[in-house]
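# Descriptive analysis of the structure
Each chain is listed here by its residues.
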Amino acid sequence: AIHGVSGRQVWFTSPGRWHVAMESQLLASVLVILGAFGWAVRDLISKDERSPSPFMTLTASSAVGIVLNAFALVVRQFEGFGCAEPLDACSQMWLLARCTGASTSIFLNFVALRKLDLSLSTMIHCTSPLFVVLLGRALLGERIRPAAMACIVSAAAGMAVFIQPWSIGRSAGGAGISYLGVLAAFGSSIAAAFSYTSLRALHHLSATTLLFAVYATCLTVGSVACIAEGTPRPPRRLLLLFGALGAVTYIAELLITKGYAFATKGAGS
């Protein structure tokens, strides 16, 4: 408090601070929306590529992503890369959540695209921001504004009408909605929410540092899985699609990572 005025009153009576907060929230929103558009483009490419294995798609896109991230580091002369000091235990757990959540989300999304229509899979996956708001409340203690809660309820109702859960597994004209596909899509959405919620706690780390950790994890997991299941060598026609997929995924992840970094506390709503 300043001169007997509460902190909340100071916030609303300080034009400079309010203006900066609004600009930060607006920029964060724009970046996250652009990242979501990148998800849609990624799904479109993934649906068309017909990769022999989701693990191969994960490995190839991660390899492209880590190369692009290395290029970005060189251009920036490694500014902000790594950690100036050892991470505390809490930050290490959040970084683990970021890496495991991202790798799980990407893999499950590739699985869902094999089982569902493109529009349905993408629609479900893009519900992750709704879970981010809820996880922000549960794990970070962030306040959910009434307007945000109303939007969550409205979006959930719209999703129910669009997905029609009562028709899952039931054939309609010879084709029903796959249980496995829906579970994989929602699993991808929730895993992505954990990953992006962690960005709120890791705002002190640069985007390139976080993406290096994410892509190193995805590349390792995907490579080991490909070796374990004996995935055959991909045909050459897939190499171009893998390159495009990796580039689009990297750009989308970079935009969303920077978006949550710009967000002030509570802006995730």
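First, a word on what this report is: a plain description of the structure on this page. Since the model is a prediction, treat every value here as computed from it, not as a measurement.

### A word on a nonpolar patch on the surface
A cluster of nonpolar residues, Val 74, Phe 78, Phe 81 and Phe 212, forms a patch on the protein surface that exposes about 380 Å² of accessible area. Inspection of the secondary structure assignment puts Phe 78 in the loop between α3 (54-75) and α4 (89-115). The exposure class assigned to Phe 78 is partly exposed, which follows from its relative accessible area of 49%.

### Observations concerning the packing of α3 against α4
Contact geometry of α3 with α4 gives a least axis separation of 9 Å together with a crossing angle of 130°. Our classification of the angle between α3 and α4 gives oblique. Classified by chirality, the crossing of α4 by α3 is right-handed. The segment α3 lies against α4, with Pro 54, Phe 55, Thr 57, Leu 58 and Ser 61 engaging Ser 103, Ile 106, Phe 107, Phe 110, Val 111 and Arg 114. Partitioning the contact of α3 with α4 into residue classes produces seven nonpolar, three polar and one charged.

### A look at the pattern of salt bridges
The tally for this structure, following the rule as stated, stands at three salt bridges. Between Arg 42 and Asp 43 there is a salt bridge; the shortest N-O distance is 3.6 Å. Here Arg 42 matches Asp 43 in class, with each residue buried. Two residues, Glu 142 and Arg 200, come together in a salt bridge whose shortest N-O distance is 3.0 Å. Taken together, the positions of Glu 142 in the loop between α6 (128-140) and α7 (146-163) and Arg 200 in helix α8 (residues 179-201) put the pair 58 residues apart, joining distant regions of the chain. With relative accessibility at 11%, the residue Arg 200 sits in the buried group.

### Quick notes on unusual backbone geometry
Unusually for a residue other than glycine, Gln 77 sits at a positive phi of about 55°. Phi angles above zero are rare outside glycine, and Phe 78 is one such case at about 60°.

### Observations concerning helix α9 (residues 207-229)
Its 23 residues give α9 an end-to-end C-alpha distance of 33 Å, which sits within 8% of 33 Å, the value for a rise of 1.5 Å per residue. Within the sequence span of α9, burial applies to Ala 207, Thr 208, Thr 209, Leu 210, Leu 211, Ala 213, Val 214, Tyr 215, Cys 218, Gly 222, Ala 225 and Cys 226. Taken together, the buried residues of α9 touch α3, α4, α8 and α10 (237-262). Of the residues one or two after α9, Gly 230 is the one with positive phi, at around 65°.

### Quick word on the state of the cysteines
Taken as a whole, this structure holds zero disulfides when the rule is applied. Sulfur of Cys 99: no disulfide; nearest cysteine sulfur belongs to Cys 218 and is 7.9 Å away. For Cys 99, a relative accessible area of 7% translates into the label buried. In this structure Cys 218 comes out as buried when scored by relative accessible area, which is 0%.

Definitions and cut-offs
- Residues numbered from 1 in each chain as written.
- Predicted model: local features only at pLDDT ≥ 70, side-chain atom pairs only at ≥ 80, totals over all residues.
- Heavy atoms only, no water.
- Patch = residues over 30% accessible without salt bridge, like charges linked within 9 Å, V, L, I, M, F, W, Y side chains within 5 Å.
- Areas by Shrake-Rupley, 256 points an atom, 1.4 Å probe, with all protein chains shown as cover.
- Salt bridge = Lys/Arg side-chain N within 4 Å of Asp/Glu carboxyl O.
- Helix = DSSP H or I, 4+ residues; strand = E, 2+ residues; numbered from the N terminus.
- Buried < 20%, exposed > 50% of the residue type's maximum accessible area, 1.4 Å probe, protein only.
- Axes fitted to C-alpha atoms, helices over the stretch in contact; angles between N-to-C directions.
- Parallel < 35°, antiparallel > 145°, perpendicular 65-115°, else oblique.
- Left-handed = near helix turned anticlockwise from the far one by under 90°.
- Contact = heavy atoms within 4.5 Å.
- Nonpolar A, V, L, I, M, F, W, Y, C, P; charged D, E, K, R; others polar.
- Expected span 1.5 Å × (residues − 1).
- Disulfide = S-S within 2.5 Å.

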